[in-house]
Amino acid sequence: DVKVTQSSRYLVKRTGEKVFLECVQDMDHENMFWYRQDPGLGLRLIYFSYDVKMKEKGDIPEGYSVSREKKERFSLILESASTNQTSMYLCASSFIEEPQHFGDGTRLSIL
Amino acid sequence: AQSVSQHNHHVILSEAASLELGCNYSYGGTVNLFWYVQYPGQHLQLLLKYFSGDPLVKGIKGFEAEFIKSKFSFNLRKPSVQWSDTAEYFCAVKPNQAGTALIFGKGTTLSVSS
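In what follows, the accompanying structure is described. Because the structure is predicted, anything quoted here is derived from the model rather than measured. (Residues numbered from 1 in each chain as written. Chains lettered and ligands numbered in written order. Predicted model: local features only at pLDDT ≥ 70, side-chain atom pairs only at ≥ 80, totals over all residues. Heavy atoms only, no water.)

Observations concerning the overall build of chain A
In step 1: Each helix and strand in chain A was counted, giving zero helices and twelve strands.
In step 2: Sequence-ordered secondary structure for chain A, helices as α and strands as β, is β-β-β-β-β-β-β-β-β-β-β-β.
In step 3: Against the globule reference of 13 Å for 111 residues, chain A gives a C-alpha radius of gyration of 13 Å, in line with a compact fold.
In step 4: With the principal axes as the frame, chain A shows a C-alpha extent of 35 × 25 × 25 Å.
In step 5: Put simply, 55% of the contacts in chain A that link residues at least 6 apart link residues at least 24 apart.
In step 6: As displayed, chain A offers around 5,400 Å² of accessible surface, 49% of which is attributable to carbon and sulfur atoms. (Helix = DSSP H or I, 4+ residues; strand = E, 2+ residues; numbered from the N terminus. Rg over C-alpha atoms; globule rule 2.2 N^0.38 Å. Contact = heavy atoms within 4.5 Å. Areas by Shrake-Rupley, 256 points an atom, 1.4 Å probe, with all protein chains shown as cover.)

Put into structure tokens, the structure is as follows:
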């Protein structure tokens, strides 16, 4: 069974901090994705990656960056956290043209 | 820009009632279509998918969806819901085009009372 593991279920950080969210998948998937999920807004794509060291902006990339140094790991970075980045963050992975598999999510609170 | 619309934000049903959740998308080309479900406290799970072929697809737990190309729709149905179907349901569309990702609707919360 596919396993997408996000490093933390809950995280509390302060405004202005640099925040790292880590995601690891164990299925050798080419594609990896970061979304944020907010009530009434559904899932919005932040960044995605189709290969190592490759990244593409999604719908809401402002204030975020990503890193994919190894195929199994995709990191989301909040360069300088702000309160409007308080949200649930979801990582997903997939083979090309196959359905995405999601992690359990990280609920991030920025104080 | 491509978008996915889910018509109902919150649906409340009694057990054994029939369910239909609407989903429409805006994209003129070929698409792959998905319904995901998120049970309380759990991660998103794939309910069913449509890539090609028979436009009526069957998924897990008795759910099915019908792709109507002329209406750009992919509605989810279940003839008789159970209390355990209480969850949030997301329709998602992926344009069949290199370099694109899933586009999600805003979700529909289904509450089933026993």
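Things to note about the overall build of chain B
In step 1: Check the secondary structure of chain B and you find zero helices and twelve strands.
In step 2: Tracing chain B from N to C terminus, the helices and strands come up as β-β-β-β-β-β-β-β-β-β-β-β.
In step 3: When the backbone C-alpha atoms are referred to their principal axes, chain B occupies close to 45 × 30 × 20 Å.
In step 4: The 114 residues of chain B split such that 46% are buried.
In step 5: Restricting the contact set of chain B to residue pairs at least 6 apart, pairs at least 24 apart contribute 54%.
In step 6: With the model as given, the accessible surface of chain B reaches about 5,400 Å², and the carbon-plus-sulfur share is 52%.
In step 7: Computed over 9 positive and 7 negative side-chain charges, the inter-centroid distance for chain B is 8 Å. (Buried < 20%, exposed > 50% of the residue type's maximum accessible area, 1.4 Å probe, protein only. Lys, Arg positive; Asp, Glu negative; His and termini not counted. Charge placed at Lys NZ, Arg CZ, Asp CG, Glu CD.)

Re the interface of chain A and chain B
In step 1: Between chain A and chain B, the residue contacts involve 19 residues of the former and 22 residues of the latter.
In step 2: Looking only at chain A, the three residues that lose the most surface to chain B are Glu97, Pro99 and Phe102 of chain A, adding up to 32% of its buried area.
In step 3: In this structure, the connection of chain A to chain B is made through four residue pairs in polar contact (both at pLDDT 80 or more).
In step 4: Looking at the side of chain A that touches chain B, the elements with two or more residues in it are β5 (31-38) and β6 (42-49) of chain A. (Buried area = accessible area lost by both parts, 1.4 Å probe. Polar contact = N/O pair within 3.5 Å; in protein donor to acceptor, adjacent residues only side chain to side chain.)

Digging into the packing of aromatic side chains
In step 1: Under the defined criterion, the tally for this structure stands at 15 aromatic pairs over all chains.
In step 2: A ring pair is formed by Phe34 of chain B and Tyr36 of chain B, whose centres lie 6.3 Å apart and whose planes are at 35°; its orientation type is tilted. Each of the two residues, Phe34 of chain B as well as Tyr36 of chain B, counts as buried.
In step 3: Between Tyr50 of chain B and Phe67 of chain B, the aromatic rings sit 4.8 Å apart at their centres with planes inclined by 40°, giving tilted as the arrangement. Of this pair, Tyr50 of chain B sits in strand β6 (residues 45-50) while Phe67 of chain B sits in strand β8 (residues 64-68), and the two are 17 residues apart along the sequence.
In step 4: The rings of Phe33, Tyr35, Phe48, Tyr50 and Phe102 of chain A together with Phe34, Tyr36, Phe51, Phe90 and Phe104 of chain B are connected pair by pair, giving a single aromatic cluster.
In step 5: The ring centre of Phe51 of chain B lies 5.4 Å from the NZ or CZ of Lys49 of chain B, which sits over that ring. (Phe/Tyr/Trp six-rings, centres within 6.5 Å; stacked < 30°, edge-to-face > 60°. Lys NZ or Arg CZ within 6 Å of the ring centre and 35° of its normal.)

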